[in-house]
Amino acid sequence: MARPAAILYHNPRCSKSRQALELLRAQGLEPEVVEYLKTPPTATELERILELLGREPRELLRTGEAEYQQLGLDDPTLSREALIQAMVDHPQLIERPILLTQRKAALGRPPENVLEIL
């Protein structure tokens, strides 16, 4: 099965995520929308996202979420695997929105960032 031209990891309750989707649609792009709170990415998918973003797991964590403190994710000794597993188990910890194309990814903070990889 062919991979979609673009995938947007989206939270419809997030204004930045909604703005990014609007910007993409204004460019004539209709991405596959993945509501990641309902359908969280796997650890393998998160590894690919991080690789395409050129970021480490800590850079994709939402540190203001209650789970961040509750799970002790500020512990600098936690492994990459442990941080990724925390995002798989608690997808609300994943910064959003994230746009993926075949070979690139962008974090929509600010939302205009998603346009840079088109």
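In what follows, the accompanying structure is described. No experiment lies behind these values; they were computed from the predicted model shown.

What counts, and at which threshold
- Residues numbered from 1 in each chain as written.
- Predicted model: local features only at pLDDT ≥ 70, side-chain atom pairs only at ≥ 80, totals over all residues.
- Heavy atoms only, no water.
- Helix = DSSP H or I, 4+ residues; strand = E, 2+ residues; numbered from the N terminus.
- Core = buried A, V, L, I, M, F, W, Y, C linked by side-chain atoms within 4.5 Å.
- Buried < 20%, exposed > 50% of the residue type's maximum accessible area, 1.4 Å probe, protein only.
- Salt bridge = Lys/Arg side-chain N within 4 Å of Asp/Glu carboxyl O.
- Pairing = 2+ DSSP bridges.
- Axes fitted to C-alpha atoms, helices over the stretch in contact; angles between N-to-C directions.
- Contact = heavy atoms within 4.5 Å.
- Arc of directions from axis to C-beta.

### Observations regarding the environment of Ala82
Then step 1. Checked against the element boundaries, Ala82 lands in helix 4 (residues 80-89).
Then step 2. With 11 residues separating them in the primary sequence, Ala82 and Leu93 have C-alpha atoms 13 Å apart.

### Some points on the nonpolar core
Then step 1. Residues Tyr9, Leu46, Ile49, Leu60, Met87 and Ile98 are the most contacted members of the largest nonpolar core, which totals 23 residues.
Then step 2. Counting residues in each nonpolar core, the second largest holds 9 residues, with Ala20, Leu21, Leu24 and Val114 among its members.

### A look at the pattern of salt bridges
Then step 1. As enumerated under the stated definition, the model contains 7 salt bridges in all.
Then step 2. A salt bridge links Arg25 to Glu30; the nearest nitrogen and oxygen atoms lie 2.9 Å apart.
Then step 3. Here Arg25 falls in the partly exposed class, since its relative accessible area comes to 43%.
Then step 4. Put simply, Glu95 and Arg109 hold a salt bridge, and the shortest N to O gap is 3.2 Å. Remark: Arg109 occurs in the segment after strand 4 (105-107) and Glu95 occurs in the loop between helix 4 and strand 3 (98-100); sequence separation between them is 14 residues.
Then step 5. Among the ionic contacts, a cluster of salt bridges with common partners joins Arg62, Glu65, Glu95 and Arg109.

### Here's the deal with the sheet that holds strand 4
Then step 1. Pairing within the open sheet is mixed, and its 4 strands lie in the order 2-1-3-4. For this open sheet the edge positions go to strand 2 (32-35) and strand 4, each flanked by a neighbour on one side alone. The mean angle between the axes of side-by-side strands here comes to 20°, regardless of whether they run parallel or antiparallel.
Then step 2. Bridging between strand 3 and strand 4 involves 3 bridges; their strand directions are antiparallel. Looking across to strand 4, one finds that Leu99 is bridged to Ala106.
Then step 3. Packed on one face of the sheet, helix 1 (residues 15-26) meets strand 1 (7-10), strand 2 and strand 3 and runs near 160° to strand 1.

### Quick look at helix 2 (residues 43-53)
Then step 1. Those residues of helix 2 lying buried are Leu46, Ile49, Leu50 and Leu53. For helix 2, the arc enclosing every buried residue in end-on projection is 95°, short of the 170-degree limit, so these residues lie on one face. Summarising the geometry of helix 2, the exposed residues directed more than 90 degrees from the buried face are Thr44 and Glu51.
Then step 2. At the exit of helix 2 stands Gly54, carrying a positive phi of roughly 70°.

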